[in-house]
Amino acid sequence: MRNVTFAATQFAVSANFDENIAKGEALVKQAAEQGANAILLQELFAGYYWCKDQDPKYFDWAEPYPTSRVLQHFSTVAKQLDVVLPISYFEKAGNAHFNSLAMIDADGTIMDNYRKMHIPDGHGYQEKFYFSPGDTGFRVWDTKFGRMGAAICWDQWFPEAARILALQGAEVIYYPTAIGSEPQDPNWDSREHWQRVMQGHSGANMVPVVASNRIGTEQGETCGITFYGSSFITDPFGAKIQEMDKTSEGVICQEFNLDQVAKQRASWGLFRDRRPEYYGRITQF
């Protein structure tokens, strides 16, 4: 039986790249000390969430996949700790820029790159100014501790993404995130909606979901955002079994027997009873 412990983290970032990398590493080590085999850090954790504003200076923060300092650093960490790390970073590829994630295996191997497919554009979340839509398709990775899928933040609102990952054999789905207050409406708190949607993906596909969000208030030129944390882990039925609060830095861990989960998923018949020959209309609208 394959017992694997997954961890989610959350923390507030500073303006200092090295400080953010060090804080991320410290939380990875903390999770590993608690027995975690695969540890998720939040979206674009190397710096402030700069997409609050449209300013071309931030393109200088992007790094090529082969030479990314973020990926190279956490490759060393993964190998030292024998853990799997899905790592979010700002990618430069020729003249294009992407919101990307690379899976790093427990031996330090930097595996295939995933580029965020769905790009939001709203007040405080002006990502279309910086990121091209992903061109990699949805990816899963065979790692030392299982077959893992990941999507990034805005991707999590789309059930099609989670279903494709599950159909490709993902035994867990990661969602690194940066989400908080809505500058255009300070009375709108999307936290519970954000969680419920991912819980639905977990229950509909019968796979655990691990979501990591940032905390703290970050002020931009045009607006500020208070990120609401609330990182969580679901069981295969969509129930939250680990959850952090809105303001605390730290880690949460949960062990699953992935072989047992696979048997539950097969016995429930969700994939057996699919009718894909009648689903074509979804592409017609």
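For the structure, check the block above.
I will try to describe carefully the structure that is included in this document. Per chain, the residues get numbers from 1 upward, laid out in the order the sequence is written. Selection of residues for local features in this predicted model requires a pLDDT of at least 70, selection of side-chain atom pairs for listing and counting requires 80 or more, and totals for whole chains, interfaces and linings are taken over all residues. The basis for every side-chain value is the complete set of non-hydrogen atoms in the structure, without hydrogens or water.

As for the packing of helix α1 (residues 17-33) against helix α2 (residues 69-81)
Condition: Only the stretch in contact is used when a helix axis is fitted, and all axes are lines through C-alpha atoms; the angle between N-to-C directions ranges over 0 to 180 degrees. Helical segments are the DSSP runs of H or I of at least four residues, strand segments are the runs of E of at least two, and each set is numbered from the N terminus. Convention used here: angles under 35 degrees read as roughly parallel, angles over 145 as roughly antiparallel, angles from 65 to 115 as roughly perpendicular, and any remaining angle as oblique. Each crossing gets its handedness from the near helix: less than a right angle anticlockwise from the far helix is left-handed, clockwise is right-handed. Residues are treated as being in contact if the distance between any of their heavy atoms lies within 4.5 Å. Polar here means any residue outside two lists: the nonpolar Ala, Val, Leu, Ile, Met, Phe, Trp, Tyr, Cys and Pro, and the charged Asp, Glu, Lys and Arg; Gly therefore counts as polar.
Put simply, α1 and α2 touch, their axes get as near as 11 Å, and they point 25° apart. Viewed along their axes, α1 and α2 adopt a mutual orientation that is roughly parallel. Handedness of the α1/α2 crossing: right-handed. Together, F17, I21, G24, E25, V28, K29 and A32 of α1 and R69, V70, H73, F74, V77 and L81 of α2 make up the contact between the two elements. Class assignment of the residues belonging to the contact of α1 with α2 gives a composition of eight nonpolar, two polar and three charged.

Some remarks on the pairing of strand β9 (residues 209-212)
The side chains of a regular strand alternate, first on one face of the sheet and then on the other. To keep things clear, this is the line we draw: For the exposure calls, accessible area comes from a 1.4 Å probe over protein chains only, and a residue counts as buried if that area is under 20% of its type's maximum, exposed if over 50%, partly exposed in between. The pairing criterion for strands is at least two bridges between them, as found by DSSP. The definition of a right-handed crossover adopted here requires that, viewed with the strands pointing away, the path from the first strand over the helix to the second runs clockwise.
Here β9 shows a buried face lined by V209 and A211 and a second buried face lined by V210 and S212. Two elements, strand β8 (residues 172-176) and β9, share four bridges in a ladder whose sense is parallel. Within the sheet, the bridge partner assigned to P176 lies in β9 and is S212. After leaving β8, the chain enters helix α4 (residues 191-205) and then returns to the sheet as β9, a path that is right-handed. Direction of pairing for β9 relative to strand β12 (residues 232-234): antiparallel, over a ladder of two bridges. Across the sheet, V210 pairs through a bridge with I233, a residue of β12.

Observations regarding the pairing of strand β14 (residues 250-257)
A large share of β14 lies buried, amounting to seven of its eight residues. Sheet analysis places strand β1 (residues 3-10) next to β14, joined by eight bridges and oriented antiparallel. The residue bridging V4 from the neighbouring strand is F256, located in β14.

Focus: helix α5 (residues 258-268)
One turn of the α-helix equals 3.6 residues, which is why residues spaced by three or four share an orientation. Going by this rule: An arc is given here, and it is the one of the directions from the helix axis to the C-beta atoms. Pairs of N or O atoms within 3.5 Å make up the polar contacts considered here, provided that, within protein, one atom can donate a hydrogen while the other can accept it, and that residues adjacent in sequence are counted only when both atoms are side-chain atoms.
Residues of α5 that are buried include every one of L258, V261 and R265, and no others. For α5, the buried positions fall inside an angular range of 55° around the axis, keeping them on one side. Turned more than 90 degrees away from the buried face of α5, the exposed residues are K263, A266 and S267. Buried residues along α5 sit against β1, α4 and β14. Where α5 starts, the residue carrying a side-chain oxygen 3.1 Å from the main-chain nitrogen of D259 turns out to be N257.

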